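Architecture and fold: a report
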Amino acid sequence: MQITILGLCLGLLLLAIPVGVISYLRLRLLRELLTAFVRMTACLCLTGLFLKYVMQMGSSWLNLLWIVLLALLASWSVIRKARLKTGRFLLPVTAGVMLSTVMVGFYLLFVVLGVGQPFDPRYWIPVFGLLIGHMIRANSDALSTYYMGLKHHRQLYLYLTGNGATHREAVDYFMKRALEKNMKPALTEMAYMTVSVCPVILWAMILAGADLLTAIESQLLLVIGAFAASTVSLLITLSVGRRYLFDDYERLRKESFE
């Protein structure tokens, strides 16, 4: 299947529907719509050009650089959405994203999918990209719940530690709430697949010519892989971030929240 220039232009005409509704009802969304569309188009074009260059070069180092850049962008998005301090939390979040993506991604490629050439950019860039993209929403909500919980309920932490609770016992409540926030998007996607959540991978593979069974298996495995990667990423982030949040005496650092 190949989309022609005429087909692309006809497809873009569908934007006339929301633009017409916004204009008719005088909603204050036209500028936001146009800005979002321009940013989306620019990002897709730049990403496409870079990926084309990466795939033509066939360099493992260039592929790795792309994954690192993608992880850094995702980490920055997570920190921004969680409303945390970039300088203090960039390293923990990036470590969580990178390590979990590598662990789960290569497990899927080597062990589960049995790809003969897992370092081929046709395989590992899409798989790694899907795993990293899933973490943004899940981890931003989870980290916001964890760190903002400690910030606004600092007295609870101090009360627990002051009454003999260990550090792990004191943060256990906040950890559980963060994990619940982290897992809810994936659980919703699993439970309501094709009803309220569109199986994008399934439809994309069918459009690309893959057989139905392969498309179903790929959707299933990648959703489970993304679920596992986001959970591992959160645990690594909280583990690495502990040194930035607590001092040597397991007291909360005030500068972490200022």
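The structure contained in this document is the topic of the report that follows.

Criteria and cut-off values
- Residues numbered from 1 in each chain as written.
- Predicted model: local features only at pLDDT ≥ 70, side-chain atom pairs only at ≥ 80, totals over all residues.
- Heavy atoms only, no water.
- Helix = DSSP H or I, 4+ residues; strand = E, 2+ residues; numbered from the N terminus.
- Buried < 20%, exposed > 50% of the residue type's maximum accessible area, 1.4 Å probe, protein only.
- Contact = heavy atoms within 4.5 Å.
- Areas by Shrake-Rupley, 256 points an atom, 1.4 Å probe, with all protein chains shown as cover.
- Lys, Arg positive; Asp, Glu negative; His and termini not counted.
- Charge placed at Lys NZ, Arg CZ, Asp CG, Glu CD.
- Polar contact = N/O pair within 3.5 Å; in protein donor to acceptor, adjacent residues only side chain to side chain.
- Axes fitted to C-alpha atoms, helices over the stretch in contact; angles between N-to-C directions.
- Parallel < 35°, antiparallel > 145°, perpendicular 65-115°, else oblique.
- Left-handed = near helix turned anticlockwise from the far one by under 90°.
- Nonpolar A, V, L, I, M, F, W, Y, C, P; charged D, E, K, R; others polar.

All right, on to the overall build of the protein chain then. The helix and strand tally for the protein chain stands at ten helices and zero strands. Moving toward the C terminus, one meets the helices and strands of the protein chain in the order α-α-α-α-α-α-α-α-α-α. Here the protein chain holds 258 residues, and 35% of them are scored as buried. By sequence separation, contacts in the protein chain at least 24 residues apart represent 68% of the contacts at least 6 residues apart. Summed over all atoms, the accessible surface of the protein chain reaches about 16300 Å², with 66% contributed by carbon and sulfur. Computed over 24 positive and 14 negative side-chain charges, the inter-centroid distance for the protein chain is 10 Å.

Time to look at the side chain of T94. By the element assignment, T94 lies in helix α5 (residues 86-112). With a relative accessible area of 14%, T94 lands in the buried category. Side-chain polar atoms of T94 contact the side chain of S75, separated by 3.3 Å. Discounting residues that sit within four places of it in the chain, T94 has contacts with L72 and S75.

Turning to the packing of helix α9 (residues 200-207) against helix α10 (residues 212-245), a few remarks are in order. Between two packed helices, both the angle of their axes relative to each other and the distance between the axes serve to describe the pair. Where α9 contacts α10, the axes come no closer than 8 Å and their chain directions differ by 150°. Taken as axis vectors, α9 and α10 run roughly antiparallel relative to one another. As for the relative orientation of α9 and α10, their crossing is right-handed in sense. Contact residues: α9 offers V200, I201, L202, M205 and I206, while α10 offers L212, T214, A215, I216, S218, Q219 and L222. Within the contact of α9 with α10, the residues separate by chemical class into nine nonpolar, three polar and no charged.

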